[in-house]
Amino acid sequence: MAIERTLSIIKPDATENNNVGGILQLIEKSGLRIVAMRRMHLTKAQAGGFYEVHKERPFFGELVDFMTRSPVVVSVLEGEDAVAKYREVMGATDPKKAADGTIRKLFAKDIGENSVHGSDSLENAKREIAFFFAEADLL
Ligand code: GDP
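Just so it is clear, the structure is predicted and the values come from calculations on it, not from any experiment.

## Notes on the pattern of salt bridges
And step 1. This structure, assessed with the given rule, holds ten salt bridges.
And step 2. Across the pair Arg5 and Glu78 runs a salt bridge whose closest N-O atoms are separated by 2.8 Å. Residue Arg5 is located in strand 1 (residues 3–10), and its partner Glu78 is located in strand 3 (residues 72–80); the two are separated by 73 residues in the primary sequence.
And step 3. A salt bridge links Glu113 to Lys109, with the shortest nitrogen-to-oxygen separation between them at 3.7 Å.

Set out below in structure tokens:
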């Protein structure tokens, strides 16, 4: 296994409900290291650009509205097999299908307001990290 980096976003439902600390605790408990972190309020252009791959999906407008509703916390996580490991810590997209102990099982409301984003491949992780952070921000 290789040391990888992945992008995490703690989404508006989680910042609204004061779940940031609980989510970061699960991330650190999994062994992943937070090497950069920023709280920010995404613009529609930023949210639309980030989720560009989903722009033809029926829920795209709803997703952009949701992601811009309140601040988010974006971070870069580093560790062995970080992309797959964080997907495991997050749980399934739909919290009803998420395994016990996962972030989405513990905190998410539904398939749209599901508390966290995590890159789904190493290639996407590189693009998503560069979307928010400069190499010099990763410490
Ligand atoms: P992820 O990689 O597990 O986040 O899932 P996807 O890449 O399939 O979807 C990206 C994000 O779009 C999800 O995390 C949800 O926030 C949102 N999303 C996915 N499916 C739906 C849906 O059916 N309805 C709504 N409103 N949002 C959705």
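Next, the rest of the story.
## Let's talk about the environment of Phe60
And step 1. Within the fold, Phe60 resides in helix 4 (residues 60–67).
And step 2. Judged by relative accessible area, which is 18%, Phe60 ranks as buried.
And step 3. Considering only alpha carbons, one finds Phe60 and Arg39, 21 residues apart in sequence, at a separation of 23 Å.
And step 4. Sequence-distant contacts of Phe60, that is, excluding residues within four places in its chain, are made with Gly48, Tyr51, His54 and Lys55.

Here is what the cut-offs are and how they apply
- Residues numbered from 1 in each chain as written.
- Predicted model: local features only at pLDDT ≥ 70, side-chain atom pairs only at ≥ 80, totals over all residues.
- Heavy atoms only, no water.
- Salt bridge = Lys/Arg side-chain N within 4 Å of Asp/Glu carboxyl O.
- Helix = DSSP H or I, 4+ residues; strand = E, 2+ residues; numbered from the N terminus.
- Buried < 20%, exposed > 50% of the residue type's maximum accessible area, 1.4 Å probe, protein only.
- Contact = heavy atoms within 4.5 Å.

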